[in-house]
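Listed below are the residues making up each chain.
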Amino acid sequence: MSSPRKSSRISLAATLTLLTGVAVTGLLFVAVSALEYSKMELSFQQRGHMRAAAIRRGMDDTLELVTIINTLFKSVGVVDREQFAAFTRPLLERYPFVQAFNFQRVMDGPTARRHAAETQKQHPDYRLHDANRQPLGSRAQHIIVDYLEPLEGNEAALGLDVASLPAMAHSIGEAVDNAQPRTTELLRLEQESADQKGFVLMMPVYRPGAELSTVAQRRAAWVGNTSAVIRSAELIQKILLAADLLDDRELLVQVYIGDDIRPANLVYSRGQQTDEPPAPLPLQRWLAFDYRQPYTRTFSAAGKSWHVQVTPLPRPFLPHHLGSLSTLVGGLLFSLLTAAFVNSLARRSVRVQRLVDERTVALKASHDKLAEDVAARKRTEEALQESEHRFRRLLALSSDWYWEQDEQFRFTNITGGFFDKGKQDPKAFLGRTRWELHPAMWDNRWGRDHRATLEAHLPFTNLEYSLPGTDGQIHWFSTSGEPVFDREGKFKGYRGTGTEITERKQAEQRIQHIAHHDVLTGLPNRVLLQDRLAQAVAFANRSGKPLWVMLIDLDRFKFVNDSLGHKAGDQLLKTVARRLQDSVRESDTVARLSGDEFVAILREYPEEASHDIAQRIMRAVTQPAMLEGKEFFVTCSIGVAVYGADGTSAQRLIEHADIAMYRAKKLGRNNTQFYEPAMNEEARERLRIESALRNALERQEFVLHYQPQVDLQSGRVVGMEALLRWQHPELGMVAPHRFIGLAEETGLIVEIGAWVLQTACAQARSWIDDGHGMLRIAVNLSPRQFSEPQLLSSITQVLQDTGLPPACLDIELTEGLFMHDVAQAVELLHKLKALGLALSIDDFGTGYSSFSYLRHFPIDVLKIDRSFVSDISEADEAAIVVSIIALAHNLKLRVIAEGVETASQVDYLRRHGCDEIQGYYFSPPLPAADFEQLLKQGRDLQTTGAQA
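So, here is what we can say about the structure in this document. A quick note: this is a predicted structure, and the numbers were derived from the prediction, not measured.

Thresholds applied
The residue numbering used here restarts from 1 in each chain and proceeds along that chain's sequence as written. Thresholds applied to this predicted model are a pLDDT of at least 70 for local features of residues and 80 or more for the giving and counting of side-chain atom pairs; totals over whole chains, interfaces and linings are not thresholded and use all residues. The basis for every side-chain value is the complete set of non-hydrogen atoms in the structure, without hydrogens or water. Helix and strand labels come from DSSP, where a helix needs a run of H or I of at least four residues and a strand needs a run of E of at least two; each type is numbered from the N terminus. Partly exposed residues are those whose accessible area sits between 20% and 50% of the maximum for their type, while under 20% is buried and over 50% is exposed, using a 1.4 Å probe and protein chains only. Accessible surface area values rest on a Shrake-Rupley calculation with a 1.4 Å probe, where residue burial reflects the displayed protein chains alone. Two strands make a pair as long as DSSP finds a minimum of two bridges between them. Note on geometry: axes are lines fitted to C-alpha atoms, helical ones only across the stretch in contact, with angles between N-to-C directions running from 0 to 180 degrees. When checking whether two residues touch, look at their non-hydrogen atoms; a contact exists if any pair is within 4.5 Å. Orientation categories follow fixed angle ranges, with anything under 35 degrees roughly parallel, anything over 145 roughly antiparallel, 65 to 115 roughly perpendicular, and all other angles oblique. When the near helix sits turned anticlockwise from the far one by under a right angle, the crossing is termed left-handed; a clockwise turn instead gives a right-handed crossing. A patch consists of residues whose relative accessible area exceeds 30% and which take part in no salt bridge; residues with like charges are grouped when within 9 Å of each other, and nonpolar side chains (Val, Leu, Ile, Met, Phe, Trp, Tyr) when within 5 Å. What makes a salt bridge here is a side-chain nitrogen of Lys or Arg within 4 Å of a carboxyl oxygen of Asp or Glu, nothing more. In the scheme used here, Gly and all other residues not listed as nonpolar or charged are polar, with Ala, Val, Leu, Ile, Met, Phe, Trp, Tyr, Cys and Pro taken as nonpolar and Asp, Glu, Lys and Arg as charged. One fewer than the residue count of a helix, multiplied by 1.5 Å, yields its expected span. By arc we mean the arc of the directions from the helix axis to the C-beta atoms, nothing more. Residues belong to one nonpolar core when they are buried, are Ala, Val, Leu, Ile, Met, Phe, Trp, Tyr or Cys, and are joined through side-chain atoms within 4.5 Å.

**Section: the overall build of the protein**
Inference 1: Secondary structure assignment for the protein yields 29 helices and 32 strands.
Inference 2: Across the 948 residues that make up the protein, the buried fraction comes to 44%.
Inference 3: Of the roughly 51,000 Å² of accessible surface on the protein, a fraction of 53% belongs to carbon and sulfur atoms.

**Re the sheet that holds strand β10 (residues 304–312)**
Each strand in a sheet pairs with its neighbour through backbone hydrogen bonds, running either in the same direction (parallel) or in the opposite one (antiparallel).
Inference 1: As summarised here, the arrangement of the four strands in space is β8-β7-β10-β9, forming an open sheet in which the pairing is antiparallel. Each having just a single partner strand, β8 (266–270) and β9 (295–301) make up the two edges of the open sheet. Pairwise comparison of adjacent strand axes, ignoring direction, gives a mean angle of 15° for this sheet.
Inference 2: The pairing of β9 with β10 spans seven bridges and is antiparallel. Pairing of Ala-301 across the sheet is with Lys-304, part of β10.
Inference 3: Sitting on the sheet, helix α2 (residues 12–76) is in contact with β7 (251–257), β9 and β10, with an inclination near 15° to β9.

**Things to note about the sheet that holds strand β12 (residues 411–414)**
Inference 1: Ordered by their spatial adjacency, five strands build an open sheet running β12-β11-β15-β14-β13, and the pairing between neighbours is antiparallel. In the strand order of this sheet, the two ends are held by β12 and β13 (460–468), each with one partner. Averaged over all neighbouring strand pairs, the angle between strand axes comes to 30°, with direction disregarded.
Inference 2: Two strands pair when backbone bridges link them, and strand β11 (residues 401–405) and β12 are joined in this way by three bridges, in the antiparallel orientation. Considered in β12, the bridge of Glu-404 is made with Asn-413.
Inference 3: Packing of helix α11 (residues 445–455) onto the sheet brings it into contact with β13 and β15 (491–500), and relative to β13 it is tilted by some 130°.
Inference 4: Set on the sheet, helix α12 (residues 502–516) makes contact with β13, β14 (474–485) and β15; between it and β14 the angle comes to about 130°.

**A closer look at the packing of α2 against helix α3 (residues 81–94)**
For any two helices packed against each other, the geometry comes down to the angle between their axes and how far apart the axes lie.
Inference 1: Their axes nearest at 11 Å, the elements α2 and α3 cross at an angle of 160°. Between α2 and α3, the angle is such that the two are roughly antiparallel. Two packed elements cross with a definite hand, and for α2 against α3 that hand is right-handed. Residue-level contacts link Leu-65, Ile-68, Ile-69, Leu-72 and Phe-73 of α2 to Phe-84, Phe-87, Thr-88 and Leu-91 of α3.

**Let's talk about a nonpolar patch on the surface**
Inference 1: Together, Leu-12, Leu-16 and Leu-19 make up an exposed nonpolar region whose accessible area comes to about 330 Å².
Inference 2: Judged by its relative accessible area of 47%, Leu-16 is partly exposed.

**Digging into the pairing of strand β5 (residues 197–206)**
Remember that side chains alternate between the two faces of the sheet whenever the strand is regular.
Inference 1: Across the ten residues of β5, nine count as buried, placing the element largely inside the fold.
Inference 2: Bridge analysis of strand β3 (residues 182–183) against β5 gives two bridges, and the strand direction is antiparallel. The partner of Thr-183 across the bridge, within β5, is Leu-201.
Inference 3: Taken together, the two bridges between strand β4 (residues 187–188) and β5 define a ladder with antiparallel strand orientation. By the bridge assignment, Arg-188 is partnered in β5 with Lys-197.
Inference 4: Relative to strand β6 (residues 222–231), β5 runs antiparallel, the two being bridged by nine bridges. Within β6, the position partnered with Val-205 by the bridge is Gly-224.

**Here's the deal with the packing of helix α14 (residues 557–564) against helix α15 (residues 566–583)**
Inference 1: Two elements in contact, α14 and α15, have axes separated by 6 Å at closest approach and are oriented at 140°. Classed by the angle they form, the pair α14 and α15 counts as oblique. Taken together, the residues of α15 that come into contact with α14 (itself represented by Phe-557, Val-560, Asn-561 and Leu-564) are His-566, Ala-568, Gly-569, Leu-572 and Leu-573.
Inference 2: Grouping the amino acids of the contact of α14 with α15 by side-chain chemistry returns six nonpolar, three polar and no charged.

**Here we look at the environment of Val-145**
Inference 1: Locating Val-145 in the fold gives a position in strand β2 (residues 142–149).
Inference 2: You can call Val-145 buried: its relative accessible area is 4%.
Inference 3: A C-alpha to C-alpha distance of 7.0 Å links Val-145 and Ala-157, two positions twelve residues apart in sequence.
Inference 4: Other than its neighbours up to four places away in sequence, Val-145 contacts Asn-102, Phe-103, Gln-104, Tyr-126, Ala-157, Leu-158, Gly-159, Leu-160 and Val-162.

**Some remarks on helix α4 (residues 109–122)**
Inference 1: For α4, which comprises 14 residues, the first-to-last C-alpha distance of 21 Å matches the rise-based estimate of 20 Å (1.5 Å per residue) to within 8%.
Inference 2: All of the buried residues along α4 are Gly-109, Ala-112, His-115, Ala-116 and Thr-119. Down the axis of α4, the buried set is contained in an arc of 120°. They therefore lie on one face. Opposite the buried face of α4, at more than 90 degrees from it, the exposed residues are Arg-113, Glu-118 and Lys-121.
Inference 3: Residues of α4 that are buried make contact with α3, β1 (98–107) and β2.

**Some words on the nonpolar core**
Inference 1: Counting residues in each nonpolar core, the largest one holds 81 residues, and the members touching the most others are Trp-726, Ile-777, Ile-795, Leu-804, Leu-809, Leu-832 and Leu-909.
Inference 2: The dominant element in this core, judged by the number of residues it contributes, is helix α20 (residues 749–769), at nine residues.
Inference 3: Membership of the second largest hydrophobic core comes to 47 residues, among which are Leu-65, Ile-69, Leu-92 and Ala-228.

**A look at the pattern of salt bridges**
Inference 1: In total, this model carries 28 salt bridges according to the counting rule given.
Inference 2: Of the charged contacts in the structure, one is a salt bridge between Asp-588 and Arg-585, with a shortest N-O distance of 3.4 Å.
Inference 3: Owing to a relative accessible area of 7%, Asp-588 belongs among the buried residues under this scheme.
Inference 4: With a shortest N-O distance of 2.8 Å, Arg-776 and Glu-916 are connected by a salt bridge. Of this pair, Arg-776 sits in strand β26 (residues 776–780) while Glu-916 sits in strand β31 (residues 916–918), and the two are 140 residues apart along the sequence. Exposure class is identical for Arg-776 and Glu-916. Each is buried.
Inference 5: When salt bridges with common partners are traced through the structure, they connect Glu-721, Glu-812, Lys-863 and Glu-898 into a single cluster.

Listed below in structure tokens is the structure:
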């Protein structure tokens, strides 16, 4: 009866197994719970950070609102009420959380009352009051809400003296002293009847051109503030809605403004608050079933601290703790099953012990057998020592295979790696020497040197050679070896290692190719071009056959990069390179010089075929190319230099071709020009003028001539056009067409144009001061000047420096000047117009002549080009002139006719309503002194007609 009881007892091993399993399960449960807690914490921290970052970005965007309005005041000064309303209306529609935009004007007491009286003439309800809606008290300085948009719903804030609000006054003081935007603390909005709170973003406006380096200077130059009244709760709501961060029901989001987090500073709250116990201590975090630690982030915006606090709300238990519960249940089940299995093994171990005893006798017999094996192993070790010495040297060489040769240098053994990697036939190597396999060794110095090394029984390293493989490819090998001697010192042969280095050799060849070829097109680069050209010149000298060097430059390639992108430009270059190669023979060379310039070296062509070759190349290049899914046509300009047996260097040939190519560009592009010595003189003339032009402004060689503009009705001089002249000490009076285009190309036109504007405005102001009337001065604006980012500020500065009234300045623009970017041109022209000056279209009718830009651009004057006026006797030209005058008058524009030279032209223009004329009939362009004499004489159109 005792035997069954013993079999049913649980063994000690099973008990320990069960306890260990339970302990491990508990540890795993704790670890997984900690991971779940960390996952919840990380998820919450990420969501909290996303909301804090979104609010921070939203606040930065909000600050831009005040900065945008302030920029308006900086660029044009204090605008009027209508301009302020027109500028802020789109911003109010786009940003609904803005209660209002306003401009706060700084005034003393008397000025404020005068300003109120003047404003009431147009706005009878305008009243000045303090924060308690009482009339203004006695205060040294008032800060009045003067402009307010929208006015509807915000009437209570119009005329408010914000200096009576301590919080506003403090923030305004900080903004003025630091010249930075500032925000107020939370305050009840003056224009709201309810207790809705918000804050005010403001930025000071200073007097234009004032020095602002110190606080005192800023205080003295301060004229007012631009500000935006923000409904704080709507602002935060819009920011989170735009970032798609409002749908998380597990979070409580609260935003505070101020130095600390307290209910009074609460700006925004979303989510249901709960009274939950505090978060557990750090040592107990793994015991917590939910994460409740709030996330807080503080940042600064416009001088105020913002606090974003995100608090997690209670959430369902099971979805967030499924892993730990599964670990606990699974671990307990596994522990029970394991304990049962160990218990069964324990019962079986008794039976195994009996078997062990039986096997012990057998193990003793095996021990005796092992002793004999040990003796045999010692004998084997002696043989292994010699083998170890043999292969130690081979392992040090770190190779792919090893080989052996006998005393006649014949191969006796080669491991299989040589045949597998090198694609060689084993039958061709064993029993043969290296030079029998590679006969070319006898024809090269390195092969003979290697034979001498072997015969001297010396080691060698890194012998490189190539052999054709069974795959039809050339394979490269590197081998090293050392002589073998027996114990008596007798030479027994060689042994060594080898490596297949085909990839390395191919890489070296690729590097060599890259060093001499263009990466994009694969054509020879400048380095290889010089070598090929030197060889071609040497061949031409020996053979006496002609040599042609063509420099090919793509026309309008920059337009492709600007309009379609550099990727399309690279595709076009590769297409052109391929077409150029297909257009010449394989013995000729086509290279890429730089950018969109290519060079072709043509040898042994008959002289009469040169034009045909150039035409063939041009036809190949001008074929349509598909770029970014669009068909694009490109042309090229070709310059050709012919080599003669006169010792011309290769570099000079390229220079001559470049000069000829430049000549082709100058003649309108898409043509071929052959180099002639006269072109070199023209190029030198251009360089001479360019060099002199760079110093002309500094040496005060430029002068202005002035051509009168005469009113056809009164006959009096009403204005003049400033025309640039260059008085060079050696070249004399240089015509404008010789240097204006070059100045535009080199960028010098910007400095020259600034000088012309400054000088012309100063001269016009001088004549006005001398009593000659409010004369208008017309100044031409070049394309480079129109593209300058500082154009607006520079014109403003010139008007301030010279004191010329803006209405007396007429800026003349050509039609094509602003056609590349119409949107940008419209914005710039409106800013120029806001300065008060006039804008003219010069040479009207010769460019785009689009009626749409006359309707949208703020143009004042059309100038009819002289080409129409000179042929006014012809019916077609006369009809064009009449149409231009009628069009301009319908658009409320003045018309000035240029190039008027005869009385009949004057009569025709007067009959058809032309406003003003300009030309040699009345006066050519005159120096300043002569023009002043003309004004003093009081010449008019009637006097000139009588003299004629």
